[in-house]
Amino acid sequence: MYTLFYSPGTASMVIHQALLEIGAPFELRLVDFASCGQRAAGYLKLNPQGVVPTLMIDGKAMVESSAILMMLADRHPESHLAPAVGTPERDALYQWIVFLSNSLAATYRFWFYPADLGTTDTTEHTPEVRVALQRKIESVWDRLDQHLSMNGPYLLGADISAADLLLIMLMRWSRNMPRTALDWPALNKFADLMRTRPSWKALYQKEGLTDWTGW
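A quick note: this is a predicted structure, and the numbers were derived from the prediction, not measured. (Residues numbered from 1 in each chain as written. Predicted model: local features only at pLDDT ≥ 70, side-chain atom pairs only at ≥ 80, totals over all residues. Heavy atoms only, no water.)

Colleague: Explain the packing of helix α1 (residues 13-22) against helix α6 (residues 162-172) to me, using residue names and the numbers behind them.
Modeller: The contact between α1 and α6 brings their axes to 9 Å, and the two run at 140°. Between α1 and α6, the crossing angle belongs to the class labelled oblique. The chirality of how α1 crosses α6 is right-handed. Only Leu 165, Leu 166, Ile 168, Met 169 and Arg 172 of α6 make contact with α1, whose side of the interface consists of Met 13, Val 14, Gln 17, Ala 18 and Glu 21. Tallied by class, residues from the contact of α1 with α6 come to seven nonpolar, one polar and two charged. (Axes fitted to C-alpha atoms, helices over the stretch in contact; angles between N-to-C directions. Helix = DSSP H or I, 4+ residues; strand = E, 2+ residues; numbered from the N terminus. Parallel < 35°, antiparallel > 145°, perpendicular 65-115°, else oblique. Left-handed = near helix turned anticlockwise from the far one by under 90°. Contact = heavy atoms within 4.5 Å. Nonpolar A, V, L, I, M, F, W, Y, C, P; charged D, E, K, R; others polar.)

Colleague: Any details on the packing of aromatic side chains? Residues and values, ideally.
Modeller: Evaluation of the coordinates by the stated rule reveals eight aromatic pairs. Note on Phe 5 and Tyr 43: the rings are 5.7 Å apart at their centroids and 50° apart in plane angle, and the pair reads as tilted. Here Phe 5, found in strand β1 (residues 2-6), pairs with Tyr 43, found in helix α2 (residues 41-46); they are 38 residues apart in sequence, far enough to count as distant. Exposure class is identical for Phe 5 and Tyr 43. Each is buried. Measuring from ring centre to ring centre gives 6.3 Å for Trp 200 and Trp 212, while their planes differ by 65°; the resulting arrangement is edge-to-face. (Phe/Tyr/Trp six-rings, centres within 6.5 Å; stacked < 30°, edge-to-face > 60°. Buried < 20%, exposed > 50% of the residue type's maximum accessible area, 1.4 Å probe, protein only.)

Colleague: Mind laying out the environment of Leu 69, listing which residues take part and the relevant values?
Modeller: Residue position: Leu 69 is located in helix α3 (residues 65-75). Judged by relative accessible area, which is 1%, Leu 69 ranks as buried. On a C-alpha basis, the gap between Leu 69 and Leu 44 in space is 21 Å, while along the polypeptide they are 25 residues apart. When neighbours within four sequence positions are excluded, Leu 69 is seen to be in contact with Val 14, Ile 15, Ala 18, Ile 97, Ala 162, Leu 165 and Leu 166.

Colleague: Describe the pattern of salt bridges, naming the residues involved and giving the relevant values.
Modeller: The tally for this structure, following the rule as stated, stands at eight salt bridges. Residue Asp 116 pairs with Arg 109 through a salt bridge whose shortest N-O separation is 2.7 Å. Residue class for Arg 109 comes out partly exposed when judged on its relative accessible area of 38%. The salt bridge involving Asp 211 is made with Arg 172; its shortest N-O contact spans 2.6 Å. One end of the pair, Asp 211, is in the segment after α8 (198-207); the other, Arg 172, is in helix α6, and 39 residues separate them in sequence. Put simply, Arg 172, Arg 175 and Asp 211 are held in one network by salt bridges that share partners. (Salt bridge = Lys/Arg side-chain N within 4 Å of Asp/Glu carboxyl O.)

Colleague: Talk me through the sheet that holds β1; I want residue IDs and the actual numbers.
Modeller: Taken in spatial order, the four strands of this open sheet run β2-β1-β3-β4, and their pairing is mixed. Each end of this open sheet is capped by a strand with a single partner; those strands are β2 (26-30) and β4 (60-63). Geometrically, the sheet is characterised by an average inter-axis angle of 25° between neighbouring strands, direction not taken into account. Note that β1 and strand β3 (residues 54-57) share three bridges and pair antiparallel. Paired with Leu 4 across the strands is Leu 55, a residue of β3. (Pairing = 2+ DSSP bridges.)

Below is the structure:
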């Protein structure tokens, strides 16, 4: 039994979907950002950064969504979220998860939270910074779209993997940007595939999400 501390639509989405794909029993615990639940003393004992997700495993708190994602794939090989250890496909899985975390998720953090850049105005970027961050994110879409157009439909080719769960979540985060990830044709095709999965539909239902469903 896993326990996932989550907030709808946030970085916990990828772990929630992974658990649904795996089919292992788990319990959801809502961290209410509206009431600053992520700053509650009890939660900070589990996750000192005050973010989600936190996944409880055998009484131990695991944090960092990409690390949890890879751990779940390792713990549940029957889910086929990761190719066999020692294969080129497994190497590629690690590459894509780290790339998405470092190049995309980290940049999103600055896009959504200007204060993290140490700006005077902690609620709004300067036009120059906003454009620079947008270009950085769109350059990642360029690379991913090219890769998927040549090697898709999924990041590892014909078969879905944990990296695809991370990518679809990050694509969803672009929905209110000047250009959504769906403006890139191969990424659009990828999103259509991912959004038909039962795990995606169940995720939306359980988290009460309504936008960017595609169905």
